[in-house]
Amino acid sequence: MIKKITRLYTHSYKGLSTESWMLALVMLINRSGSMVLPFLGVYMVDKLHFSIAQSGFVLSFFGIGSVAGSWIGGTITDKIGEYKVQAYSLLLSVPFFCMLPLFTTVTSLSAMIFLQSMISEMFRPANSVAIIKYAKPENITKSFSLNRMAINLGFSIGPALGGILSAISYNFLFFSNAFAALIAGLVYIYFFRRRHLIFQLRRARKERLEDGSSNIHSQKSPYWDFKFMIFSILCTLFSICFFQFLNSLPLFYKDDLGLSQQTIGLLLGYSGIVIVLFEMGMVNMAERKFTIAQTMLYGTMLCALSYGIIGFNHHLSILILSITLLSLGEILILPFMSTVTALRAGQNNQGAYMGVNGISTSIAFIISPVLGAKLASIYGFNALWIGSGILLLLVSIAFYYSVNWMNEKAES
């Protein structure tokens, strides 16, 4: 069995560059310290005694900062390169994580969450461009998948450890996140500083030989790409539902079900374990057996089922099944969402396109906590989960037709 699993992993990610693996390692280090966001809502309600509505309001500023960071990060990546943007984002986020516990009012914490989120999220479009930069064209989805595997392996460590640390002191969450960002930044700079310069020289030489030729999308702004913007709106709708996993689900576990912080951390961490175990094989299978449109259809439907079942049953086994289905659906959506964007972009505007991809999910961070908290406080969490499931079913169908439309393969 161990040999079969090892063979599957080796085959699934055969041919990936050393740089792709190092980008994944940097992401793993950074995300292993991701303890603030999953417990921020619980921290505000339990430690700062905010109401659920106030907590949702503050969390929405994470989304506003994410939108600003994705736009700024995408724009300046095309101007100064992904290396500088990633390095600055990682290192500048360190002091902001350390300062967060000093701000204890709704207004001040909202402002700090906005700034911290903006700086941290500048990393995302730059990191996506780096993945494209160092991956062979046929390995783009696998490279995104490897990076996501690192994210989720880190996310299986971060919340689980965060649940333990927060039971001692919430301050440990902020300092641990800052330490992880610092180490990730130093490792990234050490490994990529020379490689970035060498790659830039090779690209300049290649462009001179090719007379600056590029593909048909190279000069096109993503904001004027109508088909892509429709796809991005669908990504936002998907993310509004999906990110209830980070915002409303922990509150549901604690307030409605009375689960301990340790149990919440283990449930959230379990999601990362599922993804680490199954993502390689599922992505490889999906690339061989399904089109991207079919893959996104099936993945979104799994997420819909995940939320739908906890609207009717709260047994621990159902909670575990729900997290499992959500994780499997995530595997089939997020890497291919990035792949669609990468294939749509050109060499000269990858940052802008990946920035829009980041904005489409970041907008959900604004809407998701506020909408989730509002619906839960008025109608209850069960209505929130059932409603999310229905919306995701509709989005799954729309994804299928949107991706085919961009590929000009949709049936008339």
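Thresholds applied
Residues numbered from 1 in each chain as written. Predicted model: local features only at pLDDT ≥ 70, side-chain atom pairs only at ≥ 80, totals over all residues. Heavy atoms only, no water. Helix = DSSP H or I, 4+ residues; strand = E, 2+ residues; numbered from the N terminus. Areas by Shrake-Rupley, 256 points an atom, 1.4 Å probe, with all protein chains shown as cover. Buried < 20%, exposed > 50% of the residue type's maximum accessible area, 1.4 Å probe, protein only. Disulfide = S-S within 2.5 Å. Core = buried A, V, L, I, M, F, W, Y, C linked by side-chain atoms within 4.5 Å. 1 Å grid on protein atoms, 1.4 Å probe; cavity = no way out; pocket = protein on both sides within 12 Å on 5 of 7 lines; lining within 4 Å. Points joined across faces, edges and corners; volume = space filled by probe spheres on them. Axes fitted to C-alpha atoms, helices over the stretch in contact; angles between N-to-C directions. Parallel < 35°, antiparallel > 145°, perpendicular 65-115°, else oblique. Contact = heavy atoms within 4.5 Å.

## Let's talk about the overall build of the chain
Phase 1: A tally of helices and strands in the chain yields 16 helices and zero strands.
Phase 2: When the accessible surface of the chain is summed, it comes to about 17,900 Å², and 67% of that surface belongs to carbon and sulfur atoms.

## Comments concerning helix α11 (residues 248-256)
Phase 1: Along α11, the positions that sit buried rather than exposed are Ser248, Leu249, Pro250, Leu251, Phe252 and Tyr253.
Phase 2: Downstream of α11 by one or two residues, Gly258 has phi in the positive range, about 70°.

## A look at the state of the cysteines
Phase 1: Applying the stated criterion to the full structure yields zero disulfides.
Phase 2: No disulfide involves Cys241; its sulfur sits 9.3 Å from the nearest other cysteine sulfur, which is in Cys303.
Phase 3: The class for Cys241 is buried, based on a relative accessible area of 3%.

## A look at the nonpolar core
Phase 1: Judged by nonpolar contacts, the single largest core of 85 residues is most densely connected at Phe231 and Phe238.
Phase 2: Per-element tally for this core: the top contributor is helix α14 (residues 316-344), with 12 residues.
Phase 3: Ala24, Phe123, Ile132 and Ala342 belong to the second-largest nonpolar core, a separate cluster that totals 28 residues.

## Regarding empty space enclosed by the protein
Phase 1: All told, the structure shown has four cavities of 30 Å³ or more when counted by the stated rule.
Phase 2: Reported here for the largest cavity is a volume of approximately 1,100 Å³.
Phase 3: Looking at the largest cavity, it is lined by 45 residues, and the ones nearest its centre are Arg31, Glu121, Arg124, Ile151 and Phe365.

## Section: the packing of helix α13 (residues 292-310) against helix α16 (residues 381-406)
How two helices pack is summed up by the angle between their axes together with the distance between the axes.
Phase 1: Between α13 and α16, the least distance of the axes is 7 Å, while the angle of their chain directions is 175°. Accordingly, the angle class assigned to the pair α13 and α16 is roughly antiparallel.

## A short note on the environment of Thr104
Phase 1: Its location among the elements puts Thr104 in the loop between α5 (82-99) and α6 (106-121).
Phase 2: Taking the relative accessible area as the measure of exposure, Thr104 reaches 42% and is therefore partly exposed.
Phase 3: With 57 residues separating them along the chain, Thr104 and Lys47 place their C-alpha atoms 9.4 Å apart.
Phase 4: In contact with Thr104, other than residues within four places in its own chain, are Leu48 and Phe50.

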